[in-house]
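The chain contents come next:
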Amino acid sequence: MNSTGRLHTKKHISRIEHYKQALSLLSWDAKTSAPLNSQKQHATIQGTLSKELYLLQTDPTFAKELRHLQEQNLNQLQQKQVQHYWNIYQKLSAVPLEDYYQFSVLKASTHALWSQAREQNEFKLVEDNLQQLIHMHKRFAEYRNPHLAPYEQLLEEYEPDVSSETIDSLFQQIKDAILPLLTKIKRSSVTHDTSFLNKPFSIENQQKLGKHLLTAIGYNFKSGQIGTTAHPFSAGIHPQDARLAVRYDEHNVKLAAFMFLHEGGHSIYNQQISSDLLDTGLGAYTSMGLHESQSLFWERIIGKHEGFWRNHAHLFKELEPAIYGDISFETLYFALNEVTPSLIRLQADDLTYLLHIIIRYELERDLFADKLRVSDLPSAWNAKYKAYLGIKPETDRDGVLQDGHWYGGAFGYFPSYNLGFIYAAQLREAVIKDNPDFDEIISSQNLSLIADWQKQHIHQYGKLKTPREILTNLSIGRIDAQPLINYFKKKYEGLYKL
């Protein structure tokens, strides 16, 4: 292809990326600050832009250029770029334009409807829309590959090369290790009065605490901003605009503190992607599992570390002295790491968090295998909570409506959280191999060393490297749950003196 053809391809790709960025901005606004009455029109606008994006990505001339480029002598970036857009073209071109448009509108409108259903505590308000989303996912899967199960295709969207068979094996390994450990913890005599965490902690002071924690882990405020939302999330518009949004509860400061660390971890990944990849299609995270590994690393590996709180516990006393003035560090640290089964995933301790995800995985897997009807989802949800955690939601809001993922069309996403936690434990071992003084680094507050390591080995590459390539380069090999299990056993046997 001559230079004119390549220039045309480059400009076409830039247009594609700008549409994606515009859609991300619209989605951010819809989830944070858009007025209630704007939701219907916003969904229509998102549908229109998604339609234009579809046309750009399935343009016949563009496809012809990509095919021609595959035969050229290209550098690594160009090869990855061409393959990335060719994969997108194949997936999208298999789906009729009108179906794609309807699905885009349906996703936006269903997510808006979920917010209302959650507020009114009524699953039935969104039940029909959820059924339509599942039906359209199945239809799209039939268009793309009738020989591969719809749910397998959805899993591949978020974590390539990890099948439901692999996930089943990993999650069973986790259950076999965690459930006995939980039983031992319940029998432990170690206890502290942690009720102070539920006393009023002003939203203003929670925001101050959050900004301090984000600064500590290296979030760049000049390339991001903080919003408020019903369900915390991060929005990587591009590396120079990585936003996060959190939810506040005046009687649960722990929720906001760890959400700042979680979403901050996502955003640091987005911010540390090489600027050379901007508008190339490769300037984004390599997989959802790797993305979650970075957020969970900061939230639960660093953010639950004793050394981290030795440096930041004073903030509780300074911001709310009437409550925290007489609380010892040992009691506060225990409270931040306490294992207590709860109904809400975002409030879950490290151990039971994994069970929250396994429940969601098993439910969505059964929905797509036609083993579970949408109308039975609330009761199935409640039954699994009773079986795995020994507690049962009394409301839809605390049950099937607590997360917005499904209602935005994101099926196959939830396993990424546990895969991310597994990756995080494996990456922790890789960091320690390169930095044997890992604990001292955290205690010294020199967390930039950790962020720099992440940038060097993971973040900067965006989609240039696959998760498998990243793990291989770090001599990790295959995804393995044992490092996570070992980490938990050592930590909680010490905390609860088992």
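Conventions used here
Residues numbered from 1 in each chain as written. Predicted model: local features only at pLDDT ≥ 70, side-chain atom pairs only at ≥ 80, totals over all residues. Heavy atoms only, no water. UniProt positions renumbered as here; feature names shortened; annotations may be inferred. Helix = DSSP H or I, 4+ residues; strand = E, 2+ residues; numbered from the N terminus. Rg over C-alpha atoms; globule rule 2.2 N^0.38 Å. Buried < 20%, exposed > 50% of the residue type's maximum accessible area, 1.4 Å probe, protein only. Axes fitted to C-alpha atoms, helices over the stretch in contact; angles between N-to-C directions. Left-handed = near helix turned anticlockwise from the far one by under 90°. Contact = heavy atoms within 4.5 Å. Nonpolar A, V, L, I, M, F, W, Y, C, P; charged D, E, K, R; others polar. Core = buried A, V, L, I, M, F, W, Y, C linked by side-chain atoms within 4.5 Å. Domains from an automatic or database assignment. Expected span 1.5 Å × (residues − 1). Buried area = accessible area lost by both parts, 1.4 Å probe. Salt bridge = Lys/Arg side-chain N within 4 Å of Asp/Glu carboxyl O. Polar contact = N/O pair within 3.5 Å; in protein donor to acceptor, adjacent residues only side chain to side chain. Parallel < 35°, antiparallel > 145°, perpendicular 65-115°, else oblique.

The name given to the protein in an unreviewed UniProt entry is Metal-dependent carboxypeptidase, with the source organism recorded as Priestia aryabhattai. In its Function (unreviewed entry) section, the UniProt record describing the protein reads: "Broad specificity carboxypetidase that releases amino acids sequentially from the C-terminus, including neutral, aromatic, polar and basic residues." As stated in UniProt under Catalytic activity (unreviewed entry), the record for the protein gives "Release of a C-terminal amino acid with broad specificity, except for -Pro."

K.L.:
Is there a simple way to explain the overall build of the protein in this structure?
P.N.:
Scanning the protein from terminus to terminus reveals 22 helices and three strands. At 23 Å, the protein has a C-alpha radius of gyration in line with the 23 Å of a compact globule built from 498 residues. Counting only C-alpha atoms, the protein reaches 70 × 50 × 45 Å along its principal axes. The burial tally for the protein puts 56% of its 498 residues in the buried class.

K.L.:
Any chance you could explain the packing of helix H16 (residues 350–368) against helix H17 (residues 377–389) here in plain terms?
P.N.:
Each pair of packed helices can be summarised by the angle the axes make with each other and by the distance between the axes. In the contact formed by H16 and H17, the axes pass within 10 Å of each other and the chain directions differ by 145°. Considering the relative orientation of H16 and H17, their crossing is right-handed. Across the interface between the two elements, Thr 352, Leu 355, His 356, Ile 358, Ile 359, Arg 360, Glu 362, Leu 363 and Leu 367 of H16 pack against Leu 377, Ala 380, Trp 381, Lys 384, Tyr 385, Tyr 388 and Leu 389 of H17. Partitioning the contact of H16 with H17 into residue classes produces 11 nonpolar, two polar and three charged.

K.L.:
Quick question: what am I supposed to make of the UniProt feature "binding site: Zn(2+)" (unreviewed entry) in the protein here?
P.N.:
The UniProt feature table records "binding site: Zn(2+)" (unreviewed entry) at His 262, His 266 and Glu 292. Look at the named residues: they lie 31 residues apart in sequence, but the longest C-alpha span between them is just 8.6 Å, so in the fold they bunch up. Note that His 262 resides in helix H10 (residues 253–271). The contacts of His 262, once residues within four sequence positions are left out, are Glu 292, Ser 295, Leu 296, Glu 299 and Tyr 417. Tracing the sequence through the fold places Glu 292 in helix H11 (residues 288–302). When near neighbours in sequence (up to four residues on either side) are disregarded, Glu 292 contacts His 262, His 266, Tyr 413, Ser 416, Tyr 417 and Gly 420.

K.L.:
Is there a simple way to think about the nonpolar core in this case?
P.N.:
Across soluble globular proteins, nonpolar side chains have a tendency to be buried as a group. Grouped together as the largest cluster of nonpolar side chains are 153 residues, with contacts concentrated most on Tyr 324 and Trp 406. Residues lining this core come from more than one domain, with at least three contributed by each of domain 1 (3–157) and domain 2 (164–496). Residues contacting Tyr 324, with those up to four places away along its chain left out, are Phe 196, Leu 197, Phe 201, Val 253, Phe 316, Lys 317 and Leu 332. Membership of the second largest hydrophobic core comes to five residues, among which are Trp 28, Phe 233, Ala 235 and Ile 237.

K.L.:
I tried to follow the environment of Ala 235 on my own but got confused; where do I start?
P.N.:
Topologically, Ala 235 is positioned in strand S2 (residues 233–238). In this structure Ala 235 comes out as buried when scored by relative accessible area, which is 10%. On a C-alpha basis, the gap between Ala 235 and Gly 264 in space is 11 Å, while along the polypeptide they are 29 residues apart. In contact with Ala 235, other than residues within four places in its own chain, are Trp 28, Asp 241, Ala 242 and Arg 243.

K.L.:
Would you mind showing me how to read helix H8 (residues 164–187) here?
P.N.:
Two residues of an α-helix separated by three or four positions point the same way, owing to the 3.6 residues in each turn. When the terminal C-alpha atoms of H8 are compared, their 34 Å separation across 24 residues agrees well with the 34 Å that a helix rising 1.5 Å per residue should span. Along H8, the residues classified as buried are Ser 164, Ile 167, Leu 170, Phe 171, Ile 174, Lys 175, Ala 177, Ile 178, Leu 181, Leu 182 and Ile 185. Contact partners of the buried residues in H8: helix H7 (150–158), H16, H17, helix H18 (415–434) and helix H22 (482–495).

K.L.:
Sorry, what's going on with unusual backbone geometry here?
P.N.:
Keep in mind that most residues, glycine aside, have a negative phi and that most peptide bonds are trans. A positive phi angle, near 70°, is found at Asp 161, a position not held by glycine. Looking at the element boundaries, Asp 161 is found in the loop between H7 and H8. One non-glycine residue with positive phi stands out, namely Gln 445, at about 70°. Classification of Gln 445 by relative accessible area gives partly exposed; the value is 47%.

K.L.:
Just to check I follow, could you spell out the domain arrangement of the protein for this structure?
P.N.:
It is common to give the size of an interface as the accessible area that goes away when the parts come together. Per the domain assignment, the segments of the protein are domain 1 (3–157) and domain 2 (164–496). Taking only C-alpha atoms, the centre of domain 1 and the centre of domain 2 are 27 Å apart. On the side of domain 2, 53 residues touch domain 1, which itself brings 40 residues to the contact. Roughly 4,000 Å² is buried in total at the junction of domain 1 and domain 2, and carbon and sulfur atoms are behind 64% of that figure. On the domain 1 side of the interface with domain 2, the three residues burying the most area are Trp 28, Arg 118 and Tyr 151, jointly 21% of the side's total. The tally of links between domain 1 and domain 2 comes to two salt bridges. For Glu 469, the salt bridge identified is with Lys 80, shortest N-O distance 3.3 Å. Where domain 1 touches domain 2, the interface holds 19 residue pairs in polar contact (both at pLDDT 80 or more). Counting residues per element, the side of domain 1 that touches domain 2 draws most heavily on helix H1 (residues 3–32), which supplies 10 residues.

K.L.:
Help me understand the packing of helix H6 (residues 124–144) against H7, please; the structure alone is not making it clear to me.
P.N.:
Close contact between H6 and H7 brings their axes to 9 Å; oriented N to C, the two are set at 90°. Between H6 and H7, the interaxial angle falls into the category roughly perpendicular. Listed contacts from H7 to His 137, Lys 138, Ala 141 and Arg 144 of H6 are Pro 150, Gln 153 and Leu 154. For the contact of H6 with H7, the class distribution of residues is three nonpolar, two polar and two charged.

K.L.:
How should I be thinking about the pattern of salt bridges in this particular structure?
P.N.:
Two side chains that carry opposite charge are able to pair once their charged atoms sit near each other. The final tally for this structure, using the stated rule, is 21 salt bridges. With a closest N to O distance of 2.5 Å, Asp 370 and Lys 138 form a salt bridge. Residue Asp 370 is found in the loop between H16 and H17, and its partner Lys 138 is found in helix H6; the two are separated by 232 residues along the sequence. Residue class for Asp 370 comes out exposed when judged on its relative accessible area of 59%. Its relative accessible area of 23% is what places Lys 138 among the partly exposed residues. When salt bridges with common partners are traced through the structure, they connect Glu 299, Arg 300, Lys 304, Asp 350 and Lys 491 into a single cluster.

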